[in-house]
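# Per-entry structural report
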Amino acid sequence: MLIVDHVSKYYGNFIALENVHLQFDNGIYGLLAPNGAGKTTLMKMLVTLIFPTKGEIRYNGENIIHLGSKYRELLGYLPQQFGYYKHYTPAKYLLYLSALKGISKHEAKEKIPELLKLVGLEDVMHKKMRKFSGGMIQRVGIAQALLNDPKILILDEPTAGLDPTERARFRKLLTQLANNRIIILSTHIVSDVESIANEIIMIKDKTILYKKPIRELCQLLSGRIYETAADFQDAEIFRKRFATISEKQENGQMIFRFVSDEQPNENWKSVEPTLEDVFLHVYGEGALA
Amino acid sequence: MIKYELIKVVKSPIFIILLLFFVALNGLIIFDHKNERENLPVLQNIVEQYGTKIDDEALAGMKKEIDHEMVWVNELNPKSGKQYQFPYEFIKGHEAFLYQHLTDRELNRLFNLNLFTQYYETAKSVDDIYSELDATEFARQQIKKYGLSGEAEETVLNQANLLEKRLQQLVKNGEHRHFFYLGSVYEMHSLLFKKLGRAIAFEGMILVVLITALLTNYEFEHRTFFVAFTSKRGRNLLWDKLAASVIANVCAVMLLIAATLIIYFSVYDYSNLLFVPISSYFNSETPFPYISWWNLSFLQYVCLFVGCLLLSQLLYMLLTFSLSIWLKNSYLVFFTFALFAGVSLWLPSVVSLNSNFILIMHVNPFYLIMNPHVWFMGNNIFTMFPYFEAVTIAAWAVIFILLGFFSMYKFKRQPLN
Amino acid sequence: MRVFLYELRKLFNWKVLLLILFISFLFYKLFLSFYFENFPNGRPAKDEFMITKEMINKYGHEMDEKEFQHFKNWYKQKKDEANAYLKSQQDAEKLGITTYEQFRQLDLTNKQYADFHEKVVFVDQADVFWELQAFENIIEQYESKGRDIESYTDEDQQERVKQIMANNDVNSVFPYLVYENYNELTRFWTVLIIISVVMVTCRVHITDRLNNAISLQYTTKTGRNLFSLKLLAALAATALITTVQIVIFWFFYLGNGTQAFFPLSINSFYNFYYFWFDFTFEGYIITTVIAIYIVAIVAALFSVFFSRIAQNYITLIGSLVPIVVLLSYCTLKYLVGELFAILHPLMLTIGTFLVLIAISTIFIIYRMKQEKLVDLI
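Quick notes on the rules
Residues numbered from 1 in each chain as written. Chains lettered and ligands numbered in written order. Predicted model: local features only at pLDDT ≥ 70, side-chain atom pairs only at ≥ 80, totals over all residues. Helix = DSSP H or I, 4+ residues; strand = E, 2+ residues; numbered from the N terminus. Buried ≥ 20, exposed ≤ 12 C-beta atoms within 10 Å, placed from the backbone. Contact = placed C-beta atoms within 7 Å. Pairing = 2+ DSSP bridges. Axes fitted to C-alpha atoms, helices over the stretch in contact; angles between N-to-C directions. Domains from an automatic or database assignment. Nonpolar A, V, L, I, M, F, W, Y, C, P; charged D, E, K, R; others polar. Core = buried A, V, L, I, M, F, W, Y, C linked by C-beta atoms within 7 Å. Parallel < 35°, antiparallel > 145°, perpendicular 65-115°, else oblique. Left-handed = near helix turned anticlockwise from the far one by under 90°.

Helix and strand content of chain A: eleven helices and 14 strands. For chain A, the spread of C-alpha atoms along the principal axes amounts to about 70 × 45 × 35 Å. Counting all 289 residues of chain A, 39% fall into the buried class. The long-range share in chain A, meaning contacts at least 24 apart out of those at least 6 apart in sequence, stands at 69%.

Let's shift gears to the sheet that holds strand β13 (residues 253–259) of chain A. All names here are of chain A. Taken in spatial order, the four strands line up as β12-β13-β11-β14 in an open sheet, and their pairing is antiparallel. Every interior strand has two partners, whereas the edge strands, β12 (244–250) and β14 (269–270), have only one. Judged from the six bridges that link them, β12 and β13 form a sheet pairing that is antiparallel. Note that in β13 the partner of Gln 249 across the bridge is Met 254. Lying on the sheet, helix α11 (residues 275–283) is in contact with β11 (225–230), β12 and β13; it crosses β12 at an angle near 135°.

The next subject is the domain arrangement of chain C. All names here are of chain C. Parsing chain C into structural domains produces domain 1 (2–40 + 173–373) and domain 2 (63–153). Computed over C-alpha atoms, the centres of domain 1 and domain 2 are 45 Å apart. On the side of domain 2, six residues touch domain 1, which itself brings four residues to the contact. For the side of domain 1 that touches domain 2, the class distribution of residues is four nonpolar, no polar and no charged.

Counting residues at the interface gives 19 residues for chain C and 22 residues for chain A. Elements with a contribution of two residues or more to the side of chain C that touches chain A: α1 (2–11) and α12 (214–217) of chain C. Each residue belonging to the side of chain C that touches chain A can be placed in one class, and the counts come to seven nonpolar, eight polar and four charged.

Quick look at the nonpolar core now. Residues Ile 154 of chain A, Ile 211 of chain B together with Ile 194, Val 295 and Ala 299 of chain C are the most contacted members of the largest nonpolar core, which totals 286 residues. In terms of residue count, helix α11 (residues 188–221) of chain B provides more of this core than any other element does, 17 residues in total. Residue contacts for Ile 154 of chain A: discarding those within four places in its chain leaves Met 43, Leu 46, Val 47, Leu 75, Gly 76, Tyr 77 and Ile 184 of chain A.

This next bit is on the packing of helix α3 (residues 45–59) of chain C against helix α8 (residues 127–143) of chain C. All names here are of chain C. As a packed pair, α3 and α8 sit with axes 8 Å apart at the nearest point and diverge in direction by 65°. With respect to α8, the element α3 is oriented roughly perpendicular. Between α3 and α8 lies a crossing whose hand is right-handed. Counting all contacts with α3, which are made through Asp 47, Glu 48 and Ile 51, the residues of α8 involved are Trp 130, Glu 131, Ala 134, Phe 135, Asn 137 and Ile 138. Residues belonging to the contact of α3 with α8 are distributed by class as follows: five nonpolar, one polar and three charged.

Each side of the interface is counted separately: chain B has 20 residues, and chain C has 18 residues. If you list the elements that add at least two residues to the side of chain B that touches chain C, you get α2 (13–31), α11 and α15 (330–346) of chain B. A per-class count over the side of chain B that touches chain C returns 16 nonpolar, three polar and one charged.

Look at the link from Phe 39 of chain C to Pro 40 of chain C: it is a cis peptide, with omega at -10°. Mapped onto the elements of the fold, Pro 40 of chain C is located in the loop between α2 (14–37) and α3. For the peptide bond that leads from Arg 43 of chain C to Pro 44 of chain C, omega is 5°, which places it in the cis range. Its identity as a non-glycine residue notwithstanding, His 33 of chain B has a phi of 65°, on the positive side. With respect to the helices and strands, the residue His 33 of chain B is situated in the loop between α2 and α3 (41–50). At Phe 376 of chain B, a position not held by glycine, the phi torsion is positive, near 60°. Within the fold, Phe 376 of chain B resides in the loop between α17 (365–368) and α18 (388–412).

The subject of this paragraph is the arrangement of the chains. When the two pairs of chains in contact are compared, the highest contact count belongs to chains A and C. The two units chain A and chain B never meet; even their closest C-alpha atoms stay 8 Å apart.

All names here are of chain A. Within strand β7 (residues 152–156), five of the five residues are buried, which leaves it mostly tucked inside the rest of the structure. Burial along β7 is two-sided: Ile 152, Ile 154 and Asp 156 facing one way and Leu 153 and Leu 155 facing the other are all buried. Sheet topology note: the strand β6 (residues 75–78)/β7 ladder contains four bridges and is parallel. Within the sheet, the bridge partner assigned to Leu 78 lies in β7 and is Leu 155. As paired strands, β7 and strand β8 (residues 182–187) are joined by five bridges and run parallel to one another. Within the sheet, the bridge partner assigned to Leu 155 lies in β8 and is Leu 185.

Shown next as structure tokens:
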């Protein structure tokens, strides 16, 4: 069990996170927030790259800073941007990281082909990474995070650069892994976590706004989401009159969704809220950009 | 755009630290052996009284002054019973006596008089020395020393003829007949133009390579090249960077030179000597005196020296620019540049000594800065050409500019990933 | 251990090695080859070298008063040889030169004499005349040993000279030219070592920073201990480079053929330097080698430190330039060159070593502590 116990992080006068309290059991957690909300700060504290100014993070009752390498041994981490050596092959690169992770060479040599197969890179295992695409590099990154069979897996924007099939495969992989470990992934792409996360954590104004299962989050807006269709020429009027949270095109018409406590008129029909609605409602339309 | 590039330089404190370090280093060079140069004011007094030009009037005046002072000298040791004409005669016979019986002030006066006499005697002998000077003989000795032969020897001897003509003209102008700090004693020319000149050249080189590499490689090392090189300006952005390099490098090098010269001239007083010809006999440090190809005053020589230093630095900038485009990594650029410098200095030593090729090999931008004290002069047989410096700089400027265009041409067609 | 080996391997990047190879080659050609190709440098240096070697055969390591008398006799024999040579020369007869003493005191401003002198010494290169010069130098030095005490102003220095004079070691026939040659070579070679060490070790951290690798490396089990491992890798690389450079140095240096002088005391009447300690040449060589390793390690420590804190190569190289310049300056002056010569106060040499070691170690320890505490953003 991982507990973030009333943690704050300041940089001088700048507040990066304020009084964050969280508890993680095995399962998948989606950290959902727009860029700059403090997502990365929280993640960096979870992986001990930076230290809390106030409060502490405990794993099974012990401060992770005191646990040190014993904690990091259990950790798998995929940073947003991570370094790789262009002249290394994925196999060699993973071998290097397994040394850093304290995995025996023998064990690593068995594990690396398996992992590369898992992320679909077995064919290029011995090709230099110089010519790899962004998606391929990202999959190498996923593989390295899993090298030490981590109890805590922390993934910062893991699906960046992946195509839709790869995304689907990745989600499947995560659900398989989630039985006996804590998986925390940060994203601003709602669909990444919608189907798989046990709980969603939303950060706003430097602190935790919600930590709830998706179902409960959606209930917050239950009965308050309305949808209607309009012609293109009316779209501008709609936008001015109502606080729409999303709009999309369907069959040559515009479909608008918005939040309201009561039904404005009979043209609007009440619909089930989705995670995206919650997200957009909380952060405003700019959040998805 | 250029402004933004310049900000990158100003925001790197390392350049200021390096600049200060280099100026401090040059300060050390300037102050080193300052004690041995504490009698320099003797010359200042001579110049104030007699002017810088040596003529009969000045010589007569000096002799009179010596005679007058010798009365005092001859009274110093009444027991000796001898009448000395010159202070060095007295000093020679009284080495022990001097330190036992004279006060510091007296000693100082005596030694200053001795030095004064040295200036006098040297001034008197100038004409004789120059009537015997033989540029061809000098060239022959040097040819023997370095083992030149064949075509190369011929070329050098031809140049020696040219130097001989210049020497005659110099004598006619009376350029040699000027007071200046005694080169054979103080070696001021070597201190300023060789030691400091070389130091500045190498220090400048380090600054220039680092500044140019910083600017040119900036986008590659900060992983911003996707943004930077896909903007409207695109890969031509590198031209802006080059322009910014010129400004930044000129500023850095000029600051270095200016700071060094300010220290130098505030330690050593040249105020009365600015218009003394650089080819004055007093400036010479070796049996064969410095002979500039033109009648240059000290001040003019300093200006040319600074100009030549600055231009050579711009050559290094151009080379660094091209190296950066190819290597895209400042570490590699820095040491590859060092490699270029080393090769340029080494190659002339492997070329055979009997063809003009050996002389051509010396026309390179790194050999150029090895002997800044004989720039515009005929004192080095490998560079015994009136326009050696101009030709070296111009030729390599053309080569490096072409290289720059070629590198840009390649760069524009290069996939970036 | 495996991490250490990986880091070590990463340091020896082939491009860097190639650069070092070329730079070493040029450095050798520009600064060093002269002292191998021209040793002993000209005459009578060559003759002095041969004669001192011969002296070791005849007298052993030292030459006492009795042996000195023998040496003077030997000199006399050589003089007879010279006289015989002069007698055989017709020009000499014409000029009225019959003995070496006359020859020696010729008025060289006289053109005839000068030409003859030139012919004998430089054109014919009659060995005996060079050898005689060498003999004279040695005799003069032996007879005037200790007189240069006046040139030392410091009491400690004078005390040390007196001490050496009282010791039999001063009669060692160790010539200055062997010392000078070793001194020039070793001090310049050390500058090359400093440059090579810095070129390799300064990449230790910065390549990872520029590669964005830090966040990955520091979240593994090794984590913040990576700094120590990299430090070890850099030190191992330093030891390796220094050793290889020293081995190459000795490969060339043995060609100078000075082995016969190894067991001799270098505080000799025939060396222009005196030393604070009673060194044999061997002992001195070992001491300089130790000094070289210390200088190399100090250079490496600074280079590792700046490699960790510099944000880019320019800052890194820019901050290492003053360090390399200062370290090289001290090396050339007194840390390796003229090491422990009494020219330089003993405390200055030892003090500089201590200060260098202290500062570089403090820098590294400070950073090591920081490593455990700082946020890595």
